[in-house]
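# Examining the three-dimensional arrangement
Here is how the chains run, residue by residue.
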There are 4 protein chains.
Amino acid sequence: MSSVLGNKIRLSVFGESHGEAIGCVIDGLPAGVKLDMEKINKEMARRAPGKDKTSTPRKESDTPIILSGVLNGVTTGAPLAMEIRNSNTQSGDYKNLMTVPRPSHSDYPAYIKYCGNNDIRGGGHFSGRLTAPIVFAGAIAKQILEQKGIKIGSHISRIGNVFDSSFDKNNISSELLNSIVSNTFPVIDTEKESEMRDVIEEARLNTDSVGGAIECAVIGMPVGVGGNMFDTVESRLSAAIFGVPAVKGIEFGLGFDFAGEHASKVNDCYKVEDEKVKLVSNNNGGIIGGMTSGAPIVFKVAIKPTPSIAKPQQSVNLQTMQNETLVIKGRHDPCIVPRAVPVIECVTAFVILDLML
Amino acid sequence: MSSVLGNKIRLSVFGESHGEAIGCVIDGLPAGVKLDMEKINKEMARRAPGKDKTSTPRKESDTPIILSGVLNGVTTGAPLAMEIRNSNTQSGDYKNLMTVPRPSHSDYPAYIKYCGNNDIRGGGHFSGRLTAPIVFAGAIAKQILEQKGIKIGSHISRIGNVFDSSFDKNNISSELLNSIVSNTFPVIDTEKESEMRDVIEEARLNTDSVGGAIECAVIGMPVGVGGNMFDTVESRLSAAIFGVPAVKGIEFGLGFDFAGEHASKVNDCYKVEDEKVKLVSNNNGGIIGGMTSGAPIVFKVAIKPTPSIAKPQQSVNLQTMQNETLVIKGRHDPCIVPRAVPVIECVTAFVILDLML
Amino acid sequence: MSSVLGNKIRLSVFGESHGEAIGCVIDGLPAGVKLDMEKINKEMARRAPGKDKTSTPRKESDTPIILSGVLNGVTTGAPLAMEIRNSNTQSGDYKNLMTVPRPSHSDYPAYIKYCGNNDIRGGGHFSGRLTAPIVFAGAIAKQILEQKGIKIGSHISRIGNVFDSSFDKNNISSELLNSIVSNTFPVIDTEKESEMRDVIEEARLNTDSVGGAIECAVIGMPVGVGGNMFDTVESRLSAAIFGVPAVKGIEFGLGFDFAGEHASKVNDCYKVEDEKVKLVSNNNGGIIGGMTSGAPIVFKVAIKPTPSIAKPQQSVNLQTMQNETLVIKGRHDPCIVPRAVPVIECVTAFVILDLML
Amino acid sequence: MSSVLGNKIRLSVFGESHGEAIGCVIDGLPAGVKLDMEKINKEMARRAPGKDKTSTPRKESDTPIILSGVLNGVTTGAPLAMEIRNSNTQSGDYKNLMTVPRPSHSDYPAYIKYCGNNDIRGGGHFSGRLTAPIVFAGAIAKQILEQKGIKIGSHISRIGNVFDSSFDKNNISSELLNSIVSNTFPVIDTEKESEMRDVIEEARLNTDSVGGAIECAVIGMPVGVGGNMFDTVESRLSAAIFGVPAVKGIEFGLGFDFAGEHASKVNDCYKVEDEKVKLVSNNNGGIIGGMTSGAPIVFKVAIKPTPSIAKPQQSVNLQTMQNETLVIKGRHDPCIVPRAVPVIECVTAFVILDLML
C-alpha cells in the first residue's frame, strides 16, 4: 500500500505534479454531512503558493472539483472523489533530473524503486503539491470534528534559529486557535513574524532554503480515545504526519525534553475540578498510555529545508555513472514551513476523525 | 485495532502483566527459517529486569514456549504462537490503583475507555512487560534480516543530562553494532556509562525515575525500500515505535536539528564510488522521500521517565471523586531506558522485515 | 470500508450512476507496465450496454480518462486514477424512487443506512454502472497476468432454464478461452446462443427480466498460491465477486454437487506425467486446501434477474408509510448476465494479480 | 495474511493438529462482556468428535484455557488469548504422507508453497481441528449478539442425496433455531435424521466419506448493515466461510435457483405491517444490495466429502517422482457435515458481530 490513509474512513490520494490531475477518493465518510465549500476553499488557499515571497511564485489552480459522493452539497455515504486539474506546469525545467537526481529529494530512491519509470517532473507523486488533496480531505474532517466540539490549530514554532512561544499545553483556548488559523503567517508571539520572514528572505536571496518546526494542538477531545499498543493516538498521528513531505521528526508533549527530566517533576497529576477529573499539568501532550487524557493533544513536527535549491550541487549521472554538478531550475519555496501548517492540521483532523468514528 | 502490527507478517500481542500468560501470534512468517533459540533467549535476556540496580528487582520468568508454527526448530509457515507464563506477581500491591489512577500512566484513560473493566494490576495490557513478546518476534526478524545482510543496533544516547556520542551517520560498522548490542549498558563512548549509572542511581535513591533517549541504526539496507506517501519507512517505524510504552518522540537523521539548518548545508549530495552511487552525507538518516537511500537508517527516540514512582503524588479517587494522595507500592524501574534498547531494536527489526517481504 | 478491494494492489472505486463521473484509483500497481489501451477499451466495450436487445438501449460513454500513474503509456508506480464522465442520464425517471423503494434493489436498505442521503438516481453508487471501473482495473490486471502465462475466460452457463455445456475442468485450452472471450454472447456450445437469446427476448417483451449463471476459468496458475484459512483463493475470489451487483451464489469445482458425492469418486488423485505432478481430475476446481493445485481454477456464479422491471410492483411510501404500487420508468436490462461476463472475469483478474504480487 | 479474520474485532488463529497447542487471539472485543463459559463449552462440545459413529472415534481435549483478556469472568478490553493443549495424537500414522500427498487434501499445494516445511501431521494448520478456536470465538460473538436480539442457527440440509426441508425464509422463529441448535443431529424435518445417518453409516462401512450441505439463518438483524460494493454482508460472510475446511460453495436466498427465475416472480416486494416496512418474500436471503433488508439472513453452504478415506488411492511420491498407491491410516470422519454445523454458525456469528461493532 502507499498513498492510502485511515481505517474507518479511507483516503486514497492520486496524482503527479505535472500529470493531468491530482485528487483523492474518501471512502467511508458519514452520509448527511453538509459541506461548507467556502471553508474548504479557505483551507486550500492557506496551503496554496504564490501569496508572498516566502513561497514559490508558481501559481497553482487549486480548485477542487467534486466528482461523486455529494448530492446538493450533502454527502451521500458513497465514496467522495475529488480532482484538481493541473495547469501552469513548466515540465521543460525538469528534463535533466531524469538522469541526475536532486540531493535529498525522492528522485534517486524512486528511480531505483520504480526502475526509472517514475514521473520525475516536479517530483511526480512525491511532490508537495500532493498535499492539496490531503488538505481537502482534512478540511472536511475539520468540519465534522467541529460539530463534535473538537478544534485543531497550529503555528510556526521555529524558522531557522527564530523561535515562537510554545502553547501553554494545559490551557489552549478556542480563540487562540481561531486567531492563529486565520493568520497567513501563524505565530503565537506576533513579534516573531518579521524576524522569521527575514530569515526566509535571506535564504531566498541566497538561493537557499531554511527549515523550521510546527506546533499543533487539538482541543475538545474526550478521554480514552485511541487503541492499544500499536494503534495509539501517537502511532496513528505520527504515521500520517510522516506522510507529509519534509517532515523528519515528531514529539508529543515535552517530547525529547522528557529525556532530561524526572518523573517527580513531569508526571501529570490529577485533581477534581467542577466535579470532573482534570490534569494538573499536560507534559504528556494530551496522550497517556497511547490514549487521550482529556487535555489538549499537543505535538511538534520538524520540517527540513526544502531540498530543491538553485545553488549548484554535487550529484551523479545515473546513465553514465559519472559525478555531475546539478543546477536545479524551476521555481521553489525558500521555506515550506508556512505552507505546511494547514497540511499538518488537516492530516491531523483526518486521523482524529478516523479514530473517533 | 490495536495490539496488532504489520502488513505482510502480522504480530498479534496478548497478555496482561498479572494474568495467566503473555505472548504473541506471528502470522505470515516465511516457512523454512531455522530458529536460533539461543539468540532469541539472549535478546530476551537483554530486556529482562533484575540484572542490576538500574532496573526493578522484580524477577520475570521470560522463557518463551512455542506453541505452534515450528517443527524440529524450523518454521512451518503456519502462524507461530508463543506464550510466557506469568509468575512472581504481587497483585496485592495494586489494589488501591483500581480507583486512584497513577499519574502519567494508562490507568485513567483506560478506566474511561473500558468503563472500569480493564485489568489494572501491574498496568495490565499496558504494562512494559508486554514488550517481551515484541522482543521475541523482533529477535526472529533480526535473524532473517541478518541472512539478508541487514543489521540493527542501538545505544543509550542520553540519560538525564548525560549524553553519549552519536552515530557517525554515514559510517556505521557492523563491528560497532555488534559491540554495543553485546553490552548490557550499551553506549558508544564507554566513559559515559558510569556517569549515566550515577544519574539513575541518584533517581533510585530519591524514589524517583529519570528519562533518556535511544539512538538506533539499521545498516545494509538496499535502496528504494518503503512505500509512497503514508507508507513511508518513517511512517511505519514511527507507528510501531510509539507502540513501545514511554516513547514520546522520534526523529530521523538530523530530526529537529533540521529546523535550524539550510539546504545548502544539510542536503545529502551524491557521488560515484567504486562504480556505485553513494551519499556524501546522511543527514536524512537513510530515508529520503520516505524510501531508503542506501545509507544507514538512523533515528532517535525520546523515552520519558517511568511514571511509577514511590513518592506521594496527587491524584483523584474515581469512586468518591475526591482528591487523594497516592503512594504507589511495588517494585519499579528508576530508568527504563537500558531495558528499552532491545525493544526499540526488535520492533525496528519486525517493521523492516515486514517492509522487505 | 467498502468500495475498496485488494491487499497489495488496492482498487478504490467511486461514482454514482447519475453523478459527475465514475472511476477508480489503483494503488500499488507495478511500475513499468506498458498499457495496451486497445485491449482495455475492448474489455470495456464487452461490458457496455446498448449493443443489442439483450441489454438496455441506454448508451453509456465508457471512455476511460487516465488522470495519473501513467507516463507515455507506461505505469509510473504512482496511484493510477481513471475517470469516466457521465452523460446521457435521464434523472427525471427516478424521482418517485426517492420515497418508494424498488423491490429487491438497494434502495430501501440504503435509505435506512444513509438516513435518506444516498443518491438514488439510477441506483447511485449501487448501480451496475459502477462495474465499469472494475472492468478497467481488471483489464489491466489481465494484461499483467498474461505476461505470466495466466489467462482468464468465462461463458454464460445458464439463462433461465437453458444450460450451456460446462468446462472440461481438467482440460481448458487457451484457444477455448480466446474464442469465448471474443464472442459478444459467450457460450461453449454455440447452438445454445439462440435459445438463450429467445429466453431473454421473451422476458424483454414481458417487461420482465431473467436470471442466469456464469462459469469462469483461470488457466496457467502455479501451484501453492493462496493464503491460509481466511485468506484462501476461494475466500478472496468470493468476497470480490459478491461485490458485483446481482451475484447471489458461487461454487468452486463441483460446488453444490459435492453434497451428493463420495470421496472415493470425487477425490482428485495425482499422477506423474512428463516428470511433473498432475491431477487425474479437477473436481475441486483448481483449489485444494484453499491454495491453487495447478489445475485450472473453475467456478460458477449465480446471477439473479435484474430487479428493475417495468411491471407494476408492490412497495411502500417511506414518507407516508402507506402501501403503494410502483411503476419503474427508465431503460433496463432484461438480462444482465451477458454484460456481467467481462465483469466476473475482470474482478477475478484483479484478485488473482493481487494474490500473486 | 492468512489465519486472521475481521476488521473491528480481529481473530488470529494458531496451531497445528499435532503440535503443542491450538488457540486464538481475539483483539478488539468490547470490554465488560460477562462470558458464559457453560455456553461456550456447550458450543465446543457440538463440534467435538467422538460422540457417535458419524464422526471419528478420535477424542480431542477441547478444553479452552483463557490466557488473557478476561478478569473475574468479564472481558477487560485487552486481547483475549485462548489455548487448547493437544493430546491423544498418533503422529506415527502420518509418516508416509510427508512424501505422498493425500488426494484432495492441502498436502500437495502446501508442500509446494512451504517448500516441504509445513507440518503435515494430521493436516497441520490445515486440519479441521483448527475450527475449534473459531467455534470458541464465535461462541463469544453469539453471546454478545443475543444481547442485541440476534440469533443464529443452522441445520443439515443435505447428506448425499437425502434432503432436509428448507427454512421458510421469511418466517424463522427463535424457537425453531433453539430447537435445531440443541439437537446433536440438527434437521428441521426430524424424520430425515435416520435416513441421513444411514447414508453416513454406509459410507463409513465402505471406508468412504460423503458430502452434504448446511443451511444457516440469522434472525433479528436491523436494516442497512453491511458496507458498499466489496464489503457487502455476502462478501464478508463468504470470505469467512470459505475459511472453513471442505466448504466448496455458498448461496444466499434462492442462490443458484435465481438463475432459472424471472424478476416478476422472485423480487421481494414491500408492505407496511404494524406501521413498519416488511418484506412480502425473502428470496434474497435477507441481503439486498449487499446490505441487510431486515428479513432473516439465509444461506446454504456446500460441504465436500472429507478427502481422508481408508480406501487405496492413486498418488505420487514427491521425492522419487513415481506414481504410488496411498493407503491413509488414522481415524477419520465418514461425514464432516454434522460437526461443521456449529462451525458455520460460529464463523457467521463472528462476522456479524464484526459488521455491527
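Since this is a predicted model, take the numbers as computed values, not measurements. (Residues numbered from 1 in each chain as written. Chains lettered and ligands numbered in written order. Predicted model: local features only at pLDDT ≥ 70, side-chain atom pairs only at ≥ 80, totals over all residues. Heavy atoms only, no water.)

## Quick word on the relation of the copies chain A and chain B
Heads up, the condition is: C-alpha atoms of residues with pLDDT of at least 70 in both copies form the basis for the least-squares superposition of the copies. By definition, residues are in contact when any of their heavy atoms lie within 4.5 Å.
Mapping chain A onto chain B calls for a rotation angle of 180° and an axial translation of 0.0 Å; the resulting RMSD is 0.0 Å. Taken together, the rotation and translation relating the two chain copies correspond to the operation of a two-fold axis. Of the residues that chain A buries at the interface, 100% are likewise interface residues in chain B, meaning the two copies contact each other through the same surface.

## Quick look at a negative patch on the surface
Our working rule: Without a salt bridge and with relative accessible area above 30%, a residue can belong to a patch; like charges are then joined within 9 Å and nonpolar side chains (Val, Leu, Ile, Met, Phe, Trp, Tyr) within 5 Å. Calculation of accessible area relied on Shrake-Rupley with a 1.4 Å probe; when residues are assessed, cover is drawn exclusively from the protein chains displayed. Here, a salt bridge means any side-chain nitrogen of Lys or Arg that lies within 4 Å of a carboxyl oxygen of Asp or Glu. Counted charges follow a simple rule, with Lys and Arg positive, Asp and Glu negative, and His plus the chain ends left uncounted. Every charge is mapped to an atom, namely NZ of Lys, CZ of Arg, CG of Asp or CD of Glu. Secondary structure is summarised from DSSP: a helix means a run of H or I of at least four residues, a strand means a run of E of at least two, and numbering begins at the N terminus for each.
Negative charge collects at one region of the surface, where A:Glu191, A:Glu195, A:Asp198 and A:Glu202 lie side by side. Mapped onto the fold, A:Glu195 is located in helix α5 (residues 192-205).

## Some details on the pattern of salt bridges
Under the convention used in this document: Each residue gets one of three labels from its accessible area relative to the maximum for its type: buried under 20%, exposed over 50%, partly exposed in between, using a 1.4 Å probe on protein chains only.
Under the definition given, this model contains 80 salt bridges over all chains. In this structure, the salt-bridge partner of B:Lys248 is A:Glu234, at a minimum N-O distance of 2.8 Å. With B:Lys248 in strand β11 (residues 247-252) and A:Glu234 in helix α6 (residues 233-241), this residue pair bridges two chains. The buried category is assigned to B:Lys248, whose relative accessible area is 2%. Assessed through its relative accessible area of 3%, A:Glu234 is described here as buried. With a shortest N-O distance of 3.1 Å, B:Arg339 and B:Asp333 are connected by a salt bridge. Just as B:Arg339 is buried, B:Asp333 falls in that class too.

## As for the pairing of β11(B)
Formally: If DSSP finds at least two bridges between two strands, the strands pair.
For β11(B), the tally of buried residues reaches six of six residues, placing the bulk of the element in the interior. The pairing of strand β11 (residues 247-252) of chain A with β11(B) spans three bridges and is classified as antiparallel. Each bridged residue has a counterpart across the sheet, and for A:Gly249 the counterpart in β11(B) is B:Glu251. Relative to strand β16 (residues 297-303) of chain B, β11(B) runs antiparallel, the two being bridged by five bridges. In the sheet register, B:Gly249 faces β16(B), and the bridge partner there is B:Ala302.

## What to know about the interface of chain C and chain D
Rules: The buried area of a pairing is the accessible area, by a 1.4 Å probe, that goes missing from both parts when the two are put together, added over both. Residues adjacent in sequence count toward polar contacts only when both atoms are side-chain atoms; beyond that, a polar contact is any pair of N or O atoms within 3.5 Å, and within protein one must be able to donate a hydrogen and the other to accept it. The classification used treats Ala, Val, Leu, Ile, Met, Phe, Trp, Tyr, Cys and Pro as nonpolar, Asp, Glu, Lys and Arg as charged, and all other residues, Gly among them, as polar.
Counting from both sides, the interface comprises 102 residues of chain C and, opposite them, 102 residues of chain D. Summed over the three residues of chain C that lose the most area to chain D, namely C:Phe230, C:Lys248 and C:Tyr270, the buried surface amounts to 11% of that side. Applying the counting criterion to the chain C and chain D interface returns two salt bridges. Across the contact surface, chain C and chain D share 44 residue pairs in polar contact (both at pLDDT 80 or more). Ranked by residue count, the leading element in the side of chain C that touches chain D is strand β11 (residues 247-252) of chain C, at six residues. Taken together, the residues of the side of chain C that touches chain D break down into 51 nonpolar, 35 polar and 16 charged.

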